[in-house]
Amino acid sequence: MNNVILVGRLTKTPTLEELDEEKKRTIIDIAVPRNYRNSEGMYEADFIRCVLWNGIAQNTSKYCKIGDAIALRGRLQTRSYNDEEGNKKYITEVIAQSISFVAPSTKEEKKE
């Protein structure tokens, strides 16, 4: 079974990419805090790349912004590609199956 559940904050405001008329994608990074403190007494976080498709991508890019807390359920996916120099690179990402909007950002937005 390949099932991932993450709760964290968006590290940037999601942007919707329209790949064609039917395919829409948003790539987000979620800062997920670890449940223990480091040697300096601070909580560290893992920054996890997540790919959202179509309806989930549209709603997330429409209603979420940097700093918002979300809960995401999905699956892990690994893939490879060749970079500009021809070196094979591997990437692991979460493919979102559902998202819940938990809380807005705690920071006040600056008004211009």
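See the structure printed just above.
What you see is a predicted model, and the numbers here were worked out from it, not measured in a lab.

Parameters at a glance
Each chain has its residues counted from 1, running along the sequence as written. In keeping with the predicted nature of the model, local features appear solely for residues at pLDDT of at least 70, side-chain atom pairs appear and are counted solely at 80 or more, and the whole-chain, interface and lining totals rest on all residues. Note that water and hydrogens are dropped before the side-chain values are worked out from all heavy atoms of the structure. The helix count covers DSSP runs of H or I at least four residues long, the strand count covers runs of E at least two residues long, and both are numbered beginning at the N terminus. Any residue under 20% of the maximum accessible area for its type is buried, any over 50% is exposed, and the rest in between are partly exposed; the area is computed with a 1.4 Å probe on protein chains only. Contacts are residue-level and defined by heavy atoms, with any inter-residue pair within 4.5 Å sufficient. Exposure was quantified through the Shrake-Rupley algorithm and a 1.4 Å probe, taking into account, for residues, occlusion by the shown protein chains and nothing else. Residues scored as positive are Lys and Arg, those scored as negative are Asp and Glu, and His as well as the terminal groups of each chain are ignored. Just so you know, the charge point we use is NZ for Lys, CZ for Arg, CG for Asp and CD for Glu. For this document, the term salt bridge refers to a Lys or Arg side-chain nitrogen within 4 Å of an Asp or Glu carboxyl oxygen. We define a polar contact as two N or O atoms separated by no more than 3.5 Å, with the added condition that, inside protein, one atom must be a possible hydrogen donor and the other a possible acceptor, whereas residues neighbouring each other in sequence contribute only through side-chain atom pairs.

K.L.:
Got a sec to walk through the overall build of the chain? Specific residues and values, please.
P.N.:
When its secondary structure is counted, the chain shows 1 helix and 6 strands. When the elements of the chain are put in sequence order from the N terminus, they spell out β-β-β-β-α-β-β. When its C-alpha atoms are laid out on the principal axes, the chain stretches across 40 × 40 × 35 Å. Residues counted as buried form 29% of the 112 residues belonging to the chain. For the chain, the share of sequence-separated contacts (at least 6 apart) that also reach a separation of at least 24 residues comes to 58%. Summed over all atoms, the accessible surface of the chain reaches about 8200 Å², with 48% contributed by carbon and sulfur. Between the mean site of the 18 positive side-chain charges and the mean site of the 17 negative ones, the chain shows a separation of 4 Å.

K.L.:
Let's hear about the pattern of salt bridges: which residues, and what values?
P.N.:
Summed over all chains, the structure comprises 6 salt bridges. For Arg-25, the salt bridge identified is with Glu-17, shortest N-O distance 3.1 Å. Using a relative accessible area of 23% as the deciding quantity, one classes Arg-25 as partly exposed. Judged by its relative accessible area of 30%, Glu-17 falls in the partly exposed class. Of the charged contacts in the structure, one is a salt bridge between Glu-44 and Arg-34, with a shortest N-O distance of 2.9 Å. You can see Glu-44 sitting in strand E4 (residues 43–53) and its partner Arg-34 sitting in strand E3 (residues 24–37), a full 10 residues away along the chain. Linked by salt bridges that have partners in common, Arg-34, Glu-44 and Asp-46 make up one network.

K.L.:
Can you explain the side chain of Thr-26? Please cite residues and give values.
P.N.:
Position of Thr-26 relative to the elements: it lies in strand E3. Looking at Thr-26, the relative accessible area reads 0%, which means it is buried. At 3.4 Å, the side chain of Thr-26 forms a polar contact with the backbone oxygen of Ala-57. Contacts of Thr-26, omitting those with residues within four sequence positions, involve Pro-14, Thr-15, Leu-16, Cys-50, Val-51, Leu-52, Ala-57 and Ser-61.

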